[in-house]
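Read off the chains here:
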Amino acid sequence: QVQLQESGPGLVLPSQTVSLTCTVSSGVFTTEGYFWSWIRQSPGKGLEYLGSIAYDGANYDHYIGPSLKTRTSISRDTSKNQFSLRLTSVTPEDSAVYFCAGYYTGSRYPPRDWLEADYWGQGTQVTVSP
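A brief structural summary. (Residues numbered from 1 in each chain as written. Predicted model: local features only at pLDDT ≥ 70, side-chain atom pairs only at ≥ 80, totals over all residues. Heavy atoms only, no water.)

## What to know about the overall build of the protein chain
Across its full length, the protein chain holds one helix and 11 strands. For the protein chain, the succession of helices and strands along the chain, N to C, is β-β-β-β-β-β-α-β-β-β-β-β. Its C-alpha atoms put the protein chain at 45 × 25 × 20 Å along the principal axes. Looking at the protein chain as a whole, 43% of its 130 residues are labelled buried. If you take every contact in the protein chain between residues at least 6 apart in sequence, the share linking residues at least 24 apart comes to 59%. Carbon and sulfur atoms make up 47% of the accessible area of the protein chain, which amounts to about 6,800 Å² in all. Seen as two clouds, the 9 positive and the 11 negative side-chain charges of the protein chain have centres 5 Å apart. (Helix = DSSP H or I, 4+ residues; strand = E, 2+ residues; numbered from the N terminus. Buried < 20%, exposed > 50% of the residue type's maximum accessible area, 1.4 Å probe, protein only. Contact = heavy atoms within 4.5 Å. Areas by Shrake-Rupley, 256 points an atom, 1.4 Å probe, with all protein chains shown as cover. Lys, Arg positive; Asp, Glu negative; His and termini not counted. Charge placed at Lys NZ, Arg CZ, Asp CG, Glu CD.)

## With respect to the side chain of Glu 6
Secondary-structure assignment places Glu 6 in strand S1 (residues 4-7). Despite its burial, Glu 6 pairs with no opposite charge, the nearest such side chain being Arg 40 at 13 Å. Separated by 2.9 Å, the side chain of Glu 6 and the backbone nitrogen of Cys 100 make a polar contact. There is a polar contact of 3.4 Å between the side chain of Glu 6 and the backbone nitrogen of Gln 122. When neighbours within four sequence positions are excluded, Glu 6 is seen to be in contact with Thr 21, Cys 22, Trp 38, Tyr 98, Phe 99, Cys 100, Gly 121, Gln 122, Gly 123 and Thr 124. (Salt bridge = Lys/Arg side-chain N within 4 Å of Asp/Glu carboxyl O. Polar contact = N/O pair within 3.5 Å; in protein donor to acceptor, adjacent residues only side chain to side chain.)

## Remarks on the pattern of salt bridges
Note on pairing: side chains with opposite charge can pair once their charged atoms come close. Inspection of every chain in the model, using the stated rule, returns four salt bridges. Lys 45 is the partner of Glu 93 in a salt bridge, and the nearest nitrogen-oxygen pair spans 3.5 Å. With a gap of 48 residues between them, Glu 93 in the loop between strand S8 (82-87) and strand S9 (96-104) and Lys 45 in the loop between strand S4 (34-42) and strand S5 (46-54) connect regions that are remote in the sequence. Accessibility expressed as a relative area gives 38% for Lys 45, which makes it partly exposed. Linking Arg 71 and Asp 94 is a salt bridge whose minimum nitrogen-to-oxygen distance equals 3.0 Å. Within this pair, whereas Arg 71 is found in the loop between helix H1 (66-69) and strand S7 (72-77), its partner Asp 94 is found in the loop between S8 and S9, the two being separated by 23 residues in sequence. Of the residues examined, Arg 71 reaches a relative accessible area of 16% and is grouped as buried. Classification of Asp 94 by relative accessible area gives buried; the value is 2%. A single network of salt bridges, built from pairs that share partners, joins Arg 40, Glu 48, Arg 71 and Asp 94.

The analysis is restricted to geometry; functional conclusions fall outside its scope.
Given below as structure tokens:
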């Protein structure tokens, strides 16, 4: 069973950076066929894809929205089975519940829809406020 857990500050000042970490509890973080992503949800906006990193460290940013693409960065620490999100220059519009998610395709190819994950973290509320 793959379990994911988000961690990081819940309150951030405008113009600063949101930094969140996801810990993967199963020993498949670097196993071929597994992919990992950050997704957020806010009222009226639905689910938004923030970026992904694959088992081999490859990043997938093609489907990130134009207002987010230049502000997001995904990295990983294989020694800790962790991957992280950095979202810069935040405004109150970035307030949302942030989820980390996982996918198993069984191949070197990424999933067809990043918003339909096989595994989800419980989510963490991030509020951007002065």
